[in-house]
2 protein chains.
Amino acid sequence: MINEMYKDMTGKGSVIREFFTYANKVAAEIGPENVFNYTIGNPSVPVPQEFTDYMIELLQTKNPVTLHGYSPSLGIDSTRQAVADSLNRRFGMNYTADHIFMTSGAAGAIAHAVRCVVKDGDEVITFAPYFPEYVPYITGTGAKLTIIPADIDTFQINFDEFEKALNKNVQAVLINSPNNPSGIVYSTATIKKLTEILYKKQEEYGHDIYLISDEPYREIVFKGTDSPFICSFYDNSICCYSFSKSVSLPGERIGYVAVNPACKDAKLIVLMCGQISRFTGHNCPPSIIQLGVEKILDMTSDLSIYEKNKEILYKELTRIGYHVVEPGGTFYMFPRSLCPDANEFCWKAAKELNLILVPGDSFNCPGHFRISYCVTTDMVERSIPLFEKLYEMYN
Amino acid sequence: MINEMYKDMTGKGSVIREFFTYANKVAAEIGPENVFNYTIGNPSVPVPQEFTDYMIELLQTKNPVTLHGYSPSLGIDSTRQAVADSLNRRFGMNYTADHIFMTSGAAGAIAHAVRCVVKDGDEVITFAPYFPEYVPYITGTGAKLTIIPADIDTFQINFDEFEKALNKNVQAVLINSPNNPSGIVYSTATIKKLTEILYKKQEEYGHDIYLISDEPYREIVFKGTDSPFICSFYDNSICCYSFSKSVSLPGERIGYVAVNPACKDAKLIVLMCGQISRFTGHNCPPSIIQLGVEKILDMTSDLSIYEKNKEILYKELTRIGYHVVEPGGTFYMFPRSLCPDANEFCWKAAKELNLILVPGDSFNCPGHFRISYCVTTDMVERSIPLFEKLYEMYN
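Throughout, a residue's number is its position along its own chain's written sequence, starting from 1. Just so you know, chain letters begin at A and ligand numbers begin at 1, following the order they were written in. Reporting of local features is limited, given that this is a predicted model, to residues whose pLDDT is at least 70; pairs of side-chain atoms are given and counted only at 80 or more, and all residues count toward the totals for whole chains, interfaces and linings. The side-chain values count all of the structure's non-hydrogen atoms but skip hydrogen atoms and water molecules.

## A few points about the pattern of salt bridges
Salt bridges are counted wherever a side-chain nitrogen of Lys or Arg sits within 4 Å of a carboxyl oxygen of Asp or Glu. Throughout the structure, instances matching the rule amount to 44 salt bridges over all chains. Here E133 of chain B ties to R278 of chain A by a salt bridge, and the two come within 2.8 Å at their closest N and O atoms. On the criterion of chain membership, the pair formed by E133 of chain B in the loop between β3 (123-127) and α7 (134-139) and R278 of chain A in helix α10 (residues 266-280) is interchain, its members lying in two chains. Burial classes: relative accessible area under 20% of the type maximum marks a residue as buried, over 50% as exposed, and values in between as partly exposed (1.4 Å probe, protein chains only). A relative accessible area of 23% places R278 of chain A in the partly exposed class. Taking the shortest distance from any N to any O, the salt bridge between K200 of chain B and E163 of chain B comes out at 3.9 Å. Separated by 37 residues along the polypeptide, K200 of chain B in helix α9 (residues 188-205) and E163 of chain B in helix α8 (residues 159-165) bring together distant segments of the chain. Under the relative-accessibility criterion, E163 of chain B is labelled partly exposed at 34%. A run of H or I in DSSP counts as a helix once it spans at least four residues, and a run of E counts as a strand once it spans at least two, with each numbered from the N terminus.

## Some remarks on the sheet that holds strand β5 (residues 170-176) of chain B
Residue and element names in this part refer to chain B. Strands qualify as paired when DSSP identifies two bridges or more between them. Pairing is mixed across the open sheet formed by seven strands, whose spatial order is β2-β8-β7-β6-β5-β3-β4. Of all the strands in the sheet, the pair left with one neighbour each is β2 (100-103) and β4 (144-148). For this sheet, the mean angle separating the axes of adjacent strands, direction not counted, is 20 degrees. One ladder, built from five bridges, connects strand β7 (residues 237-242) with strand β8 (residues 255-259); its direction is antiparallel. In the sheet register, Y241 faces β8, and the bridge partner there is Y256. Note on contacts: a residue pair qualifies if any of its non-hydrogen atoms lie within 4.5 Å across the two residues. Here the axes come from fitting lines to C-alpha atoms, over the contacting stretch only for helices, and the angles between their N-to-C directions go from 0 to 180 degrees. Packed onto the sheet, helix α5 (residues 77-91) meets β2 and β8 and runs at close to 115 degrees relative to β2.

## Describing the interface of chain B and chain A
Listed as interface residues are 73 residues of chain B and, on the opposing side, 73 residues of chain A. Viewed at the interface, chain A and chain B are joined by two salt bridges. As used in this structure description, the phrase polar contact means that two N or O atoms lie within 3.5 Å; if the pair is within protein, one of them must be able to donate a hydrogen and the other to accept it, and residues adjacent in sequence are counted only when both atoms belong to side chains. Where chain B touches chain A, the interface holds 24 residue pairs in polar contact (both at pLDDT 80 or more). At the level of secondary structure, the elements contributing two or more residues to the side of chain B that touches chain A comprise α1 (4-10), α3 (49-61), α4 (64-67), α6 (105-117), α7, α10 (266-280) and α11 (287-294) of chain B. Ranked by the residues each element gives to the side of chain B that touches chain A, the list is headed by α10 of chain B, at nine residues.

## As for the packing of aromatic side chains
Geometry of aromatic contacts follows a simple scheme: Phe, Tyr and Trp rings, the Trp one being its six-membered ring, pair when their centres are within 6.5 Å, and the pair is stacked under 30 degrees between planes, edge-to-face over 60, tilted otherwise. Scanning the entire structure with this criterion turns up 48 aromatic pairs over all chains. Between Y241 of chain A and F243 of chain A the ring centres are 5.2 Å apart and the planes differ by 90 degrees, which places this aromatic pair in the edge-to-face class. Judged by relative accessible area, Y241 of chain A falls into the buried class, the value being 3%. Where Y322 of chain B meets F387 of chain B, the ring centres are 6.0 Å apart and the plane angle is 90 degrees; that geometry is what we call edge-to-face. Taken together, the positions of Y322 of chain B in the loop between α12 (304-320) and β9 (332-333) and F387 of chain B in helix α14 (residues 377-394) put the pair 65 residues apart, joining distant regions of the chain. A relative accessible area of 0% means that F387 of chain B is categorised as buried. Aromatic rings pair up to connect Y38, Y322, F345, F369, F387, Y391 and Y394 of chain A into one cluster. Here K295 of chain A stacks its cationic end above the ring of Y54 of chain A, 4.7 Å away from the centre of that ring. For the cation-ring pair, K351 of chain A lies above W347 of chain A, with the distance from its terminal atom to the ring centre recorded as 4.8 Å. As a reminder, the over-ring test applies to NZ of lysine and CZ of arginine, requiring each to be within 6 Å of the ring centre and within 35 degrees of the ring normal.

## A look at the relation of the copies chain B and chain A
Note that the two copies of the chain are related through a rotation about an axis and a translation along the same axis. The two copies are related by a screw motion: chain B maps onto chain A through a turn of 180 degrees and a shift of 0.0 Å along the axis, at an RMSD of 0.0 Å. Such a turn and shift between the copies fits a two-fold axis. A share of 100% of interface residues in chain B that are also interface residues in chain A marks the association as one of identical surfaces. The superposition of copies rests on a least-squares fit of C-alpha positions from residues with pLDDT of 70 or more in both.

## Details of empty space enclosed by the protein
All names here are of chain B. Here the term cavity refers to a set of points on a 1 Å grid, laid over the protein atoms alone, in which a 1.4 Å probe fits but cannot get out; the term pocket refers to an open set having protein on both sides within 12 Å along at least five of seven lines, with lining residues being those that place an atom within 4 Å of a point. Grid points are joined across faces, edges and corners, and a volume is the space filled by probe spheres set on the points. Within the structure shown, the criterion is met by four cavities of 30 Å³ or more. The calculated volume of the largest cavity comes to roughly 90 Å³. R90, Y241, F243, I296 and L297 are the residues nearest the centre of the largest cavity, which is lined by 13 residues in total. Broken down by element, the residue count for the lining of the largest cavity peaks at four residues, all from α5.

## Quick notes on the packing of helix α3 (residues 49-61) of chain A against α3 of chain B
Helix-helix packing: each pair is described by the crossing angle between the helix axes and the interaxial distance. Between α3 of chain A and α3 of chain B, the shortest axis-to-axis distance is 10 Å and the interhelical angle comes to 165 degrees. With respect to each other, α3 of chain A and α3 of chain B are oriented roughly antiparallel. Pair α3 of chain A / α3 of chain B crosses with left-handed handedness. Of the residues in α3 of chain B, those in contact with T52, M55, I56, L59 and Q60 of chain A of α3 of chain A are T52, M55, I56, L59 and Q60 of chain B. Three classes are used: nonpolar for Ala, Val, Leu, Ile, Met, Phe, Trp, Tyr, Cys and Pro, charged for Asp, Glu, Lys and Arg, and polar for all others, with Gly counted as polar. Per-class residue counts for the contact of α3 of chain A with α3 of chain B are six nonpolar, four polar and no charged. An angle below 35 degrees is read as roughly parallel, one above 145 as roughly antiparallel, one from 65 to 115 as roughly perpendicular, and any other as oblique. Note on convention: near helix rotated counterclockwise from far helix by under a right angle means a left-handed crossing. Clockwise means right-handed.

This is how it looks when you write it as structure tokens:
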């Protein structure tokens, strides 16, 4: 008999996907230039040319049997070493290859990291607003996901609520900074306060609490933003990275887990990741893509368009009268909705103005909407009058 | 606290891996030409040149933002359609794109297929000898794996034991033909008998029983072998394929699930696969590899070397006196061990002759050993005197 849980889920579409599909439908009817699609976080700038050149070189010069051969289950040795070297060079850490596990993007990284440190019935805490896929990533491990409500004035951490929620069952805290959907980067003060609490609670509870840091937007940070390397503040920290956003390779499903060398079980956790793969059917990211990203570990795509789009949107939306917490990075912005029901608000924008936004309810933060501005600056500029009209409809 | 189950597993190495590591150690000491490494199923012939050429063309000509963009969660539309077309053309089936789900190799395919049709506590049956990773693939879903002992005279299905083991909790039967490690291909008579029993038991139990067919060796079949397309015999059948063996792309982690259109829940099962991915952190095989394999769906690598190696080994080993069931495909052979403890036998061959074999206990079939002959014919020819010496040691 088919599994009823997964069956039931097929009926429940994602709201983001619903708006995205609507945008495509309207674009087909009235032309894409007349639809302002701010729904999807798909990078709009190309991967560095060095990646493409190196991939072609690998295909032209390497023995295909070796090139396409099985990766070791923890990742290709040279790739793991190169990732460690790059992190050490850029963030003053001391990772070795033994601290790195190559994954299928951040999804794979989080799925592995969480399974390493929880068992059925344990608790993982995360902070609203958060990427909605955290729910299946965490519940798929058998753990319970507890959500700390957002501090909607800053989108830093709501520490009062966090301290109230902490209890002995909490084995891991999952954070995402720079944040999807708010665009906010956790400050050094926030990270210090968070890790101080975790150190104190580890002692109080008599067990380790892991900080799992989901960092696909790590390199997409705007000038002047305080953007600490989170794992340097806490021994039991596991960095989950993806090459999807900073180098625009979302479809190639490549990322890694990097376990802090200061964590006493660091190398063991990496070995455990290799075992976990056997249960989920994951088994390594593709060999050629592992080799390809080795060449661009210290690079990013040209990210300047995201900052330019942010500048325009933030300046214009605040001028119009929207309440927006200024993003420090990513290609997202998370203004307040002009009516309490953000879903209603977003459908109004979509249907009356072809301005396609995403309601914050999907990110467990009602009363807000997400703008994904990984789009052309031309589209951003042409959309401003629509944001103006939308504002007028409510004022 | 770290998860004890995965922690304990890190201490338990695979026996295959142990022999493989030993072979490499000895090769480093006395030269690889003096070690006869028959341990690993890593293809030894290159992918068709058309794949390499097309990958280079994609990299040189396609917009990188599109090329490396997110794949839809069920796979790229054109790839799914091309897979369906190829299966229909070659096996007279009537798949559409809606019946295909792209996966990370056969591991990903089996992990998804099983999760679709079981829940915690259900039972899945497979047949010895079998690929040892079936254990985590199945137990990772929460189901119990029941093993039917081998018919060591033919390595077809042991139907007496199968019928004894069947019960109402059995929701799926997992088969692998052409088989790793025996190299045997299930005959039309075997598949007919198996599916007749399943049809009868479905009726008796009042619920569907799924036939999950793991087929990475489907195209590696030697001349004269009866090799039916298994899914054509049974409505509730799910084909799990990998491009690892037939086109030598094991490291690129690409495969698919194809659900028989005659299965009443076929399209629903494919949609469910998309939901299951969210829990395991899998999220699609890489975009560029999906596009790449589209070009070689009806091709194989030059597989003639495997058949040539089989011919030599089968002829020579039977001449010497070994008991071998002649393989119909794959690049494996599974002779009887010359002493009851195949582990002891394989260590003797390794230590005294540098002839590295793998004991059948790993495949739940004691008293046998596996030869992986995806190696050079030169190595095969030079190893025959060693098999001869090994035989003399026991006779």
